Amino acid sequence: MDSCLETIRNLHEERERLIDSTVKEKIAEKLTHKAKVNSEQRVKKFVDRYYQVSSELAKLYKDEDNSKSMEIDSISGPNEFAEFYARLKVVKDAHRRNPDELAEPLTVEFQKINEEIQNPERAEPDMVEFSDEEAYGRFLDLHAQYDKFINLKNIKDTKKIDYMTYILNFEKFADIPKNTTKKTGAYKEYLNCLKDYLVSFMQRTRPLYDLETAFAEIDATVQRAFEAGNLPGWEAEKAKNGPQTAASAVDLSPYNSAEELEGLGLERLKGALMALGLKCGGTLKERAERLFATKGHKLSDLEKAAMSSNNSDAEKQKAKNLALAQTEAHIMALAEILAEERTGTRENVERKQARSAGEVEEEEEEEPVIEEEEEIDESAPYNPKNLPLGWDGKPIPYWLYKLHGLNLSYSCEICGNQTYKGPKAFQKHFNEWRHSHGMRCLGIPNTSHFANITKIKDALDLWNKLKTEKEMAKWNPDIDEEYEDSAGNVVTRKMYEDLKRQGML
């Protein structure tokens with residue numbers, strides 16, 4: 001049986017060693033960005049392990065099963081020496097029976113950890129997963145969120161919003177129409193997608209940042225501003241069921257039955273019921289009976305079944321709007337924290353665009369003509385051929401798809417069998433990082449000699465041929481160096497030395 005007191009002592013030792021390793025990791029020198037990110041991840045593991053050990057200690061000190069009390073009584077009783085030697089015998093027997101199954105001591109474990117921490121030139125492993133675009137946490141990869149944003153309904157100037165503009169302004173929600181865009185399901189999906197990515201990026205690059213506490217403070221602030229009606233982007237959000245005028249009310253005194261009220265028609269009865277705050281749905285007969293039931297009664301005396309459900313609907317809509325506003329505030333806070341990464345992403349995008357500035361296609365100058373029916377229709381566009389979407393969120397014409405050769409696929413073995421759609425993307429990829437990285441892995445420089453070569457065998461054969469030609473073109477003193485004999489004849493160095501040895505000069 002394991003000793004409860006020894007377990008407590010071991011956990012206290014582990015806590016102290018975790019604190020020591022955490023401090024050493026924080027003050028250790030980080031030479032690269034990857035080292036900084038990995039250091040944050042290691043500290044996060046130390047902190048999580050510290051909390052786990054503390055939780056186990058708290059359970060042992062509570063002593064719910066009285067194991068600690070029983071052990072203290074056994075080692076402090078009249079036969080303490082007998083108990084000591086009995087426990088010692090159990091430990092020796094365990095070591096003798098299982099010499100190879102003993103746990104690694106904490107001293108050895110943390111000694112290895114501290115040696116790695118104190119070596120700044122150690123090879124840094126990939127502790128977290130990043131996409132190629134993110135460059136191990138240096139840049140943001142918001143292409144998926146950008147595609148969702150430009151496909152939202154009623155967003156102004158989506159044609160002019162390129163990816164770099166979106167990176168600089170994705171947290172500005174006050175300019176997005178509230179009634180036509182923010183109340184759609186696509187907008188909620190876009191917000192959740194953007195927030196999930198930013199939270200994931202924070203957890204990978206800044207795992208020690210307390211997002212839950214920050215979000216809780218933001219939620220309280222946003223709720224107060226939202227209820228006060230001065231939250232940017234939601235100022236016009238007012239309760240829909242406040243005091244209403246009696247402009248649509250009907251004087252019921254001339255009517256003696258519900259059948260007489262049916263002559264007013266569906267719309268007139270609906271307006272009168274809405275003015276009283278009652279349910280306005282149902283058939284003509286039901287509306288007339290509901291309105292006639294209010295004759296001679298106060299609104300508070302009516303049956304609950306006849307009360308309007310508008311108040312509850314308004315509360316539900318208000319709760320949804322509040323949740324959207326809080327999500328927007330979360331994204332704005334995350335964008336402020338990630339300001340450095342956003343700046344780096346913008347510079348990276350500008351650098352990439354500068355490389356291919358001459359290949360940028362000219363966009364159409366005509367403004368899109370959007371009909372009212374298209375604004376109402378929120379369904380996905382009909383795209384049976386899976387064509388790329390244009391600036392208006394609709395599939396491009398099939399003739400344009402074939403004109404650019406997007407129906408043709410090109411595979412590059414050097415890039416890891418990556419497939420490229422269209423000859424333009426295929427030719428462009430030879431100067432991109434993926435192909436350059438594949439050439440470096442093969443030990444071959446990515447020069448113009450290897451243009452349009454996609455097979456590894458062809459690249460290696462050409463490289464060997466180039467090296468052979470380069471060796472042959474090198475200066476060879478025996479052949480290229482020339483000598484002149486006493487008679488004025490010009491011969492090679494090798495021939496001159498042969499003639500000299502034979503005494504013929």
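Residues numbered from 1 in each chain as written. Predicted model: local features only at pLDDT ≥ 70, side-chain atom pairs only at ≥ 80, totals over all residues. Heavy atoms only, no water.

Undergrad: Whenever I open this one, the overall build of the protein chain confuses me. Can you help?
TA: A count of helices and strands for the protein chain gives 22 helices and four strands. A separation threshold of at least 6 residues defines the contact pool for the protein chain, and within that pool the share at least 24 residues apart is 57%. A total of about 33,600 Å² of accessible surface is found on the protein chain, and carbon and sulfur atoms cover 52% of it. (Helix = DSSP H or I, 4+ residues; strand = E, 2+ residues; numbered from the N terminus. Contact = heavy atoms within 4.5 Å. Areas by Shrake-Rupley, 256 points an atom, 1.4 Å probe, with all protein chains shown as cover.)

Undergrad: How should I be thinking about the pairing of strand 2 (residues 418-421) in this particular structure?
TA: Consecutive residues of a regular strand have side chains that alternate between opposite faces of the sheet. Summarising the sheet, strand 1 (residues 409-412) and strand 2 pair through four bridges and their orientation is antiparallel. Bridge pairing in strand 2 places cysteine 412 opposite glutamine 418. Counting the residues that bridge the hairpin from strand 1 to strand 2 gives five residues, and of these glycine 416 lies at a positive phi of roughly 80°. (Pairing = 2+ DSSP bridges.)

Undergrad: Help me out: how do you make sense of the packing of aromatic side chains in this one?
TA: Each aromatic ring pair is characterised by the separation of its centres together with the angle its planes make. Considering all chains together, one arrives at 16 aromatic pairs under this definition. On the basis of an interplanar angle of 55° and a centroid distance of 4.9 Å, the ring pair of phenylalanine 130 and tyrosine 136 is categorised as tilted. Here phenylalanine 450 and tryptophan 463 contribute two aromatic rings whose centre-to-centre distance is 6.4 Å and whose plane-to-plane angle is 50°, an arrangement assigned as tilted. Of the two residues, phenylalanine 450 is situated in the loop between helix 19 (433-441) and helix 20 (456-472) and tryptophan 463 in helix 20; the sequence distance between them amounts to 13 residues. A connected cluster of aromatic rings, assembled from ring pairs, spans Tyr146, Phe149, Tyr163, Tyr166, Phe170, Tyr187 and Tyr190. The ring of tyrosine 136 has lysine 34 sitting right over it, with the charged end atom 5.3 Å from the ring centre. Sitting over the ring of phenylalanine 215, lysine 195 keeps its end group 5.0 Å from the ring centre. (Phe/Tyr/Trp six-rings, centres within 6.5 Å; stacked < 30°, edge-to-face > 60°. Lys NZ or Arg CZ within 6 Å of the ring centre and 35° of its normal.)

Undergrad: Please explain the state of the cysteines as it appears in this structure.
TA: Disulfide: a covalent bond formed between the sulfur atoms of two cysteine residues. Counted by the stated rule, this structure contains zero disulfides. Here cysteine 412 is not cross-linked by a disulfide; its sulfur's nearest cysteine counterpart is in cysteine 415, at 3.5 Å. Given a relative accessible area of 0%, cysteine 412 falls into the buried group. (Disulfide = S-S within 2.5 Å. Buried < 20%, exposed > 50% of the residue type's maximum accessible area, 1.4 Å probe, protein only.)

Undergrad: Would you mind going over the UniProt feature "domain: Matrin-type" (unreviewed entry) in the protein chain with me for this structure?
TA: Those residues carrying the UniProt feature "domain: Matrin-type" (unreviewed entry) are residues 410-441 in this numbering. Annotation note: span residues 410-441, helix share 47%, strand share 22%, distance between end C-alpha atoms 21 Å. (UniProt positions renumbered as here; feature names shortened; annotations may be inferred.)

Undergrad: Looking at this structure, how should I read the pattern of salt bridges?
TA: Side chains that differ in sign of charge can pair as their charged atoms come close. Applying the stated criterion across every chain, the model contains 19 salt bridges. In this structure, the salt-bridge partner of glutamate 6 is arginine 9, at a minimum N-O distance of 2.9 Å. Of this pair, glutamate 6 and arginine 9 both sit in helix 1 (residues 4-27), three residues apart, which is roughly one turn of the helix. Residue class for glutamate 6 comes out partly exposed when judged on its relative accessible area of 40%. (Salt bridge = Lys/Arg side-chain N within 4 Å of Asp/Glu carboxyl O.)

Undergrad: Whenever I open this one, helix 1 confuses me. Can you help?
TA: Here helix 1 contains 24 residues, and its C-alpha end-to-end distance of 35 Å stays within 8% of the 34 Å for a straight helix at 1.5 Å per residue. Within the sequence span of helix 1, burial applies to Cys4, Ile8, Leu11, Glu13, Glu14, Leu18, Ser21, Thr22 and Glu25. Residues of helix 1 that are buried in the fold lie against helix 2 (33-62), helix 3 (67-75) and helix 5 (106-117). (Expected span 1.5 Å × (residues − 1).)

Undergrad: Help me understand helix 2 in this model?
TA: Each α-helix turn comprises 3.6 residues. Residues three or four places apart therefore point the same way. If you check helix 2, its first and last C-alpha atoms are 44 Å apart, about what 30 residues at 1.5 Å a residue would give, namely 44 Å. Looking only at helix 2, the buried set comprises Ala35, Val37, Asn38, Ser39, Gln41, Arg42, Val43, Phe46, Val53, Ser54 and Leu57. For helix 2, the secondary structure elements touched by its buried residues are helix 1, helix 5 and helix 9 (185-205). Remark: aspartate 63 follows helix 2 within two positions and exhibits a positive phi of approximately 55°.

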